[in-house]
Amino acid sequence: MIQTVIFDMDGVIVDTEPVHHYAYNQQFKQLGIDISPEMYASFTGNSTKNIFERLKAEFNLEQEVETLVQTKRNLFNDAFDNKEDLYLLDGVEDLIKDLHHNGMQLVLASSSATVTINRIFNRFNLDQYFTHKVSGEDFPKSKPHPAIFQHAAFLAQTPVENCIVIEDSTNGVLAAKAAGIYCVGYDSFHSKMQDYSKADKVITHFNELSFEQIRNIKNQ
């Protein structure tokens with residue numbers, strides 16, 4: 001029986017991708033580098049630190065990775081604070097409340113930085129529903145490496161076979177499966193060039209999930 005639901009954040013709980021896209025592209029212009037749509041899509045599910053480690057090596061960037069990360073974070077925060085039309089994704093709040101009301105443990109496992117996670121949780125008053133929040137910045141390797149989900153299950157004190165993950169990215173799905181966790185792929189209209197073929201179940205709207213359906217998932 002499923003005891004813990006592990007949520008990704010960007011593209012699952014809230015669509016911050018336009019804000020990230022704006023911040024990254026502002027920075028790419030400042031750095032004078034050209035990033036193809038295919039390369040940008042491959043960043044999905046990676047931490048900002050890992051992305052800039054990759055870009056520093058590929059484009060021989062002079063700046064230190066930490067400086068690059070902080071610049072992007074500042075650009076994101078400014079854009080985030082000024083963006084009024086930012087909402088939780090359709091149906092996800094109802095699902096979160098349904099799961100929480102019925103005693104399901106909820107954990108967040110996001111590649112975003114802790115400061116970004118807290119910014120979003122404070123804006124939408126989500127802390128009341130989640131027992132733990134895990135940031136990808138605390139791990140040397142990003143998704144598809146399974147460490148973030150393994151740690152989320154450890155914090156939840158739940159065996160991986162009694163967890164599920166809800167993810168919207170190729171890298172996230174692969175990370176969940178590598179951790180031995182049942183994965184629901186959320187294929188929304190926000191998703192760009194992501195592969196859900198390895199997910200155990202694919203949904204296009206959160207009304208396709210409920211506490212009763214999730215509780216009885218068999219994770220072999």
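Everything below is about the structure printed above this text.
From a predicted model like this one, the values you see are computed outputs, not experimental measurements.

J.: Give me the lowdown on the side chain of S135, citing residues and values where you can.
T.: Tracing the backbone through its elements, the reader meets S135 in strand β3 (residues 132-135). Reaching out from S135, the side chain makes a polar contact with the backbone nitrogen of E137 at a distance of 3.1 Å.

J.: Tell me about the pairing of β3, and name the residues and values.
T.: The pairing of strand β2 (residues 105-110) with β3 spans four bridges and is parallel. For L108, the partnering residue across the bridge sits in β3 and is K133. One crossover worth recording links β2 to the parallel β3 by way of helix α6 (residues 114-124), and it is right-handed.

J.: Explain the nonpolar core to me, and be specific about the residues and the numbers.
T.: Core analysis: the biggest nonpolar cluster contains 41 residues, and F7, I13, I166 and I214 have the highest contact counts within it. Ignoring any residue separated from it by four or fewer positions in sequence, one finds I214 in contact with I2, V5, L95, L99, M104, I164 and L209. With 21 residues, the next largest nonpolar core counts A153, V165, V173 and A179 among its residues.

J.: Would you mind going over the sheet that holds strand β5 (residues 182-186) in detail, with residue names and values included?
T.: The sheet built from six strands is open, its strands ordered β3-β2-β1-β4-β5-β6 with parallel pairing. The open sheet is flanked by β3 and β6 (201-203), the only strands paired with a single partner. For this sheet the average axis-to-axis angle between neighbouring strands, irrespective of direction, equals 20°. Relative to strand β4 (residues 163-167), strand β1 (residues 4-7) runs parallel, the two sharing four bridges. Each residue of the ladder has a partner; that of F7, found in β4, is I166. Relative to β1, helix α5 (residues 92-101) is tilted by about 155°, and along the sheet it contacts β1, β2 and β4.

J.: Describe the pattern of salt bridges, naming the residues involved and giving the relevant values.
T.: All told, the structure shown has 10 salt bridges when counted by the stated rule. Ionic pairing is found between K97 and E93, a salt bridge with its closest N-O pair at 3.5 Å. Of this pair, K97 and E93 both sit in helix α5, four residues apart, which is roughly one turn of that helix. Exposure remark for K97: the relative accessible area of 38% places this residue in the partly exposed category. Put simply, K133 and D127 hold a salt bridge, and the shortest N to O gap is 2.8 Å. By relative accessible area, which is 33% here, K133 ends up partly exposed. Among the ionic contacts, a cluster of salt bridges with common partners joins D8, K143 and E167.

J.: Any chance you could break down the pairing of β1 for me, citing the residues and the numbers?
T.: By the alternation rule, side chains of β1 split into T4 and I6 and V5 and F7, which are all buried. Judged from the four bridges that link them, β1 and β2 form a sheet pairing that is parallel. Of the residues in β2, the one forming a bridge with I6 is V107.

J.: I'd like a rundown of the packing of aromatic side chains, residues and numbers included.
T.: For any pair of aromatic rings, geometry is given as the distance between the ring centres together with the angle between the planes. Under the criterion given, the structure shown has eight aromatic pairs. Where Y24 meets F52, the ring centres are 6.0 Å apart and the plane angle is 40°; that geometry is what we call tilted. Here F52 lies in helix α3 (residues 48-59) and Y24 lies in helix α1 (residues 17-31), a separation of 28 residues in the sequence. You can call Y24 buried: its relative accessible area is 5%. You can call F52 buried: its relative accessible area is 0%. Considering the side-chain rings of F76 and F80, the 5.7 Å spacing of their centres and the 25° angle between planes classify their relative orientation as stacked. Separated by four residues within a single helix, F76 and F80 lie in helix α4 (residues 65-82), roughly one turn from each other. Between the NZ or CZ atom of K72 and the centre of the ring of Y24, over which it lies, the distance is 4.5 Å. Here R123 stacks its cationic end above the ring of F80, 4.9 Å away from the centre of that ring.

Cut-offs used in this document
Residues numbered from 1 in each chain as written. Predicted model: local features only at pLDDT ≥ 70, side-chain atom pairs only at ≥ 80, totals over all residues. Heavy atoms only, no water. Helix = DSSP H or I, 4+ residues; strand = E, 2+ residues; numbered from the N terminus. Polar contact = N/O pair within 3.5 Å; in protein donor to acceptor, adjacent residues only side chain to side chain. Pairing = 2+ DSSP bridges. Right-handed = clockwise from strand over helix to strand, strands pointing away. Core = buried A, V, L, I, M, F, W, Y, C linked by side-chain atoms within 4.5 Å. Buried < 20%, exposed > 50% of the residue type's maximum accessible area, 1.4 Å probe, protein only. Contact = heavy atoms within 4.5 Å. Axes fitted to C-alpha atoms, helices over the stretch in contact; angles between N-to-C directions. Salt bridge = Lys/Arg side-chain N within 4 Å of Asp/Glu carboxyl O. Phe/Tyr/Trp six-rings, centres within 6.5 Å; stacked < 30°, edge-to-face > 60°. Lys NZ or Arg CZ within 6 Å of the ring centre and 35° of its normal.

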